[in-house]
Amino acid sequence: NRNCCETVLLVLHSDEDMKRFTQLSEVNISEYVAFSPRAVHCIPSSKSVLVVSENKILSHDYVKHLSRLPSLPCCDHQTSWLGFQDRILIAACGAEENGAQDGSSTISTPDRAVVSLIAVDLAENCVVGRCDIPKEVAQAVKKNPASVDIVQLMVKGEPVEHLGVANATSGQLRLWPLDVKLARVHDAWVHVSPDSEVKVAHSEIALDVVYDVLIHFAIVPCMAEGAPKLQWTLQFVAEADPEQQDELEQCVVEACEVFQSKVQTRTGKPGSDLLELDCSLVCTNGAAVELVPAEEHCLATVLRGLISSVPIQVARAERDGIIVFRDGVRQPTSHFHNWEDLMEHIRFGMYEPLLQAAKQNVVVVSSMGKQSTGKSYLLNHLLGTAFDVSGGRCTDGVWLSMKEVLGKTFVILDFEGLGTSERKPQEDMLLSLLNSAVSRLTVFRSEMCFDKSTQSLFRRMQAGAALLPKDDAELFRGPFVVAVKDVETKPSEVSKEFMDKIRDMSHDTQDPFLKVLYGGKLQIVCFPAPNKAPFYKQIKELKKQVAKCQPYAGGLAFMTNMKLLMAKIALLDWTSTSEAKIAQRVSRLQLVLSTAWCRGGWGSASDLEELVNLQTNAAVLAPSSGDPVVDSIPDLGLSLAEDKDGLPDISAELMWNLVDIIVDAIPDKSTAEPHRLRAEVVALLGKIVARRCTKVLAWFDASVAGLESNQQIMTLRRDVENKLTMLRDRCKLCAAQCSKCGLSCSLPCGHAGMDGDDHDCHTDHLCKLQCQFCEEQCGSFACHTGKHSCGDKDHVCGEPCVHSGSRNCRSVCTKEPGHSGDEHHCGTEVHYCPNRCSLTACKQLCN
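As the structure is a computational prediction, the values presented were derived from the model and not from experiment.

Brief notes about the overall build of the protein
Step number 1: Within the protein, the regular secondary structure consists of 19 helices and 30 strands.
Step number 2: Long-range pairs, those at least 24 residues apart, make up 60% of the contacts in the protein between residues at least 6 apart in sequence.
Step number 3: By element, 51% of the accessible surface of the protein is carried by carbon and sulfur atoms, the whole surface being about 42,100 Å².

Overview of the environment of Asp388
Step number 1: With respect to the secondary-structure elements, Asp388 resides in the loop between helix 8 (375-383) and strand 22 (398-405).
Step number 2: Along the primary structure Asp388 and Asp414 are separated by 26 residues, whereas in three dimensions their C-alpha atoms are 9.8 Å apart.

Focus on unusual backbone geometry
Step number 1: The residue Arg319 is not glycine, and still its phi comes out positive at about 55°.
Step number 2: Inspection of the secondary structure puts Arg319 in the loop between strand 18 (312-318) and strand 19 (321-326).
Step number 3: Not every positive phi belongs to a glycine, and Ser372 is a case in point at roughly 60°.
Step number 4: Turning to its location among the elements, Ser372 is positioned in the loop between strand 21 (362-369) and helix 8.
Step number 5: Look at Ser372 and you get partly exposed, because its relative accessible area is 34%.

Side note on the packing of helix 18 (residues 674-703) against helix 19 (residues 711-730)
Step number 1: Running from N to C, helix 18 and helix 19 cross one another at 170°; their axes reach a closest spacing of 10 Å. It follows from the interaxial angle that helix 18 and helix 19 lie roughly antiparallel. For the pair formed by helix 18 and helix 19, the contact residues are Val689, Arg692, Cys693, Val696, Leu697, Phe700 and Asp701 on the first element and Ile713, Leu716, Arg717, Val720, Glu721, Leu724, Leu727 and Arg728 on the second.
Step number 2: Each residue belonging to the contact of helix 18 with helix 19 can be placed in one class, and the counts come to 10 nonpolar, no polar and five charged.

Observations concerning the sheet that holds strand 21
Step number 1: Strand order in the open sheet formed by nine strands is 20-19-18-22-23-21-24-25-26, and the pairing between neighbours is mixed. Looking at which strands have only one partner, the edges of the open sheet turn out to be strand 20 (329-330) and strand 26 (522-526).
Step number 2: Of the pairings in the sheet, the one linking strand 24 (residues 441-446) to strand 25 (residues 480-484) comprises five bridges and is parallel in character. Bridge pairing in strand 25 links Arg445 to Ala483.
Step number 3: Where helix 8 meets the sheet, it contacts strand 21, strand 22, strand 23 (408-415), strand 24 and strand 25, and its direction lies at approximately 175° from that of strand 23.
Step number 4: Contacting strand 21, strand 23, strand 24, strand 25 and strand 26, helix 13 (residues 533-547) crosses the sheet at an angle of about 165° to strand 26.

Topic: the pattern of salt bridges
Step number 1: A full pass over the atoms with the stated rule returns 29 salt bridges.
Step number 2: The residue Asp320 makes a salt bridge to Lys424 at a minimum N-O spacing of 3.9 Å. On the criterion of sequence distance, the pair formed by Asp320 in the loop between strand 18 and strand 19 and Lys424 in the loop between strand 23 and helix 9 (425-438) is long-range, its members being 104 residues apart.
Step number 3: Residue Arg347 is joined to Asp327 by a salt bridge in which the shortest nitrogen-to-oxygen separation is 3.2 Å. Residue Arg347 is found in the loop between helix 6 (339-345) and helix 7 (351-357), and its partner Asp327 is found in the loop between strand 19 and strand 20; the two are separated by 20 residues along the sequence.
Step number 4: Here Arg347 falls in the partly exposed class, since its relative accessible area comes to 29%.
Step number 5: Using a relative accessible area of 34% as the deciding quantity, one classes Asp327 as partly exposed.
Step number 6: One connected set of salt bridges, linked through shared partners, spans Arg316, Glu318, Arg319, Arg330 and Asp396.

Notes on the nonpolar core
Step number 1: With 71 residues, the main nonpolar core has Phe348 and Phe480 as its most contacted residues.
Step number 2: Sort the elements by how many residues they give to this core and helix 14 (residues 555-570) lands first, with 10 residues.
Step number 3: If we skip the residues at most four places from it in the chain, Phe348 touches Ile312, Val314, Asp327, Leu355, Leu400, Met559, Met562, Lys563 and Met566.
Step number 4: Counting 46 residues, the second largest nonpolar core, distinct from the first, contains Ala255, Leu277, Leu281 and Val481.

The rules behind these values
- Residues numbered from 1 in each chain as written.
- Predicted model: local features only at pLDDT ≥ 70, side-chain atom pairs only at ≥ 80, totals over all residues.
- Heavy atoms only, no water.
- Helix = DSSP H or I, 4+ residues; strand = E, 2+ residues; numbered from the N terminus.
- Contact = heavy atoms within 4.5 Å.
- Areas by Shrake-Rupley, 256 points an atom, 1.4 Å probe, with all protein chains shown as cover.
- Buried < 20%, exposed > 50% of the residue type's maximum accessible area, 1.4 Å probe, protein only.
- Axes fitted to C-alpha atoms, helices over the stretch in contact; angles between N-to-C directions.
- Parallel < 35°, antiparallel > 145°, perpendicular 65-115°, else oblique.
- Nonpolar A, V, L, I, M, F, W, Y, C, P; charged D, E, K, R; others polar.
- Pairing = 2+ DSSP bridges.
- Salt bridge = Lys/Arg side-chain N within 4 Å of Asp/Glu carboxyl O.
- Core = buried A, V, L, I, M, F, W, Y, C linked by side-chain atoms within 4.5 Å.

In structure tokens:
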């Protein structure tokens, strides 16, 4: 509600059950209502909400209290809420068949519909009257309540309420004047006069709405000139007899021709000569209609266009400050006391994913100026936006839209008019400060004369010039373009006058707003009256200025700046924005770093995403290692370590899982000799870890580009390098031999104290080769030396080895059966001591 600061939210639990009212000024109504609402109406002047059900009216004064009115007369069908006249609510409902309100009997007959007009005096909380209504209205209320309404028409210069019934099939609107009186007697409150009939031509019903849209908005925006020819497909469906097809089709053709002629001759807009209409008509008696097949488009393109066609409010000015919005809705923010938390609260609705996806250059264009000077209209025709336009005040606060035009991304900010009675000077100053800080082109719409009110606006802008430190290279980068309206003659003189007076104002102060906020860049562009061809041609001058704008690196960079400034201005925090951005960047990096070096991405384990440049939102992918085996193993989600107190740490299970992944990726692993396979795994593991370290450093450097010399950033980078060095050292395989076989240990390097002290190859420790004497599997430990034997005494000696008890001993002699003279030996070349190290602090086995 633009006329009132208060806002009321109706929360509907379902279509039938309305739960409660909630006042957004942090006052909750605890009383619940439980009836089926049929209509809801807001009355801004009295700050109240009315809800009409089948037989009750609920009135909610959202400033003071909640009250219920007496029940309406009972009826056996839906009550139709019609409208209001002063404080009288008018509704159509069924009559009581056992008696009227005044006690007289009411008899239902075919000639008399059982529908009456009910009037409720809201001030007295009572039903003040009831009156029969014409048969046509009664039938319409029963059949189609949406076709009945209260219509206000001007009669001899005075507004007169009419009871109206619309017939879409015949194109007729029947009207009965209503004379509503405020007397407290039931029989004198309303008078229904004889009806009048208005005939609406079929040829103007549907296309007038489209024409009205083209009058207020661009056909082809100036920035999109050169786009392909426009072709619209319109299908008209008539609930008529198919025999009327030819007659109605001729009507449609004539309507389209008239429409196209009006667009070309009356608007003078670019693109009106490129518009082609492809019209068709289908007559049906209620049967299903086969639609004209639509042109196929990419779903993502359609969604982006749909989202960007609806601007969203992001802030408004009030009480000497700025109120920030979340997803286009005002929510309580008084509990925020620092800009970091408030910045996280701010969201731009469905524009958030669009802006995050904009990884190329993003140009920000904004409007500012006096109220009712056509700021929104000019933006709409420059960039194709759909900001609200009207002859009066139509923009409240700050609105955001986004357009993709010929491969370029534009963010458009529409600011409300300055210098109005609704806004205080400080509010105007804060709005202009936000505008100049984030915009890369500010279009200041002004009337033709440079009067005192215009000077006053510039002085308010001057007041904000010294508030924010100008130490941020991304802010205050756009030129100041004054778009003077309604200049029909001598535009050069008007331009010179504005240029001279603005320059003179700049000389009167030490830090002029033009130099501080806009770098001294000033342009004057004179516009003739709108809705004429010269006006739209002059927009090309603004197009030239847009082409010179310095863009943001991406949508994320713009959002960061916009949210940061909105939060700081809302809290009146005038500390350095560059230091705030660096602190925020460091905080975001620290939040992601451990996940980055451990799993190669950011987010939770179940929703892991690629690392993205924190300035442009572009994905940072792992570089190619040059090894096909390594490149076949995805880096994203591959766990190389775990975060333990901020340091990379690796467990036995994690290392074993990593080794298994690498072995599975080796093509000839089944025929590879164990020691050669082990060497290949070690080499591949080193390349995988090196790839991760390179990726993390590339992501870090891209995210801090331009901030490398900052002390906080330098300190954090050294810390990252130290953590990555630790990752390289710890993500290595132990070089010792397994305590139970001849294979190498598969535990992490330096694994003392984890999962037992012994070295473990993470296998069953058995030799997989065949016995040399039979077809059985060798019964010794893996990677042993000497003969492969299943252990049968017919194959080998089988007596205990002289070194039995050593941890890598095969236990039995593998010499020929019945050998003599020599000692019994298992064939192992080197036997290892089974005891632990003698040093008390050491937990390893003797080696």
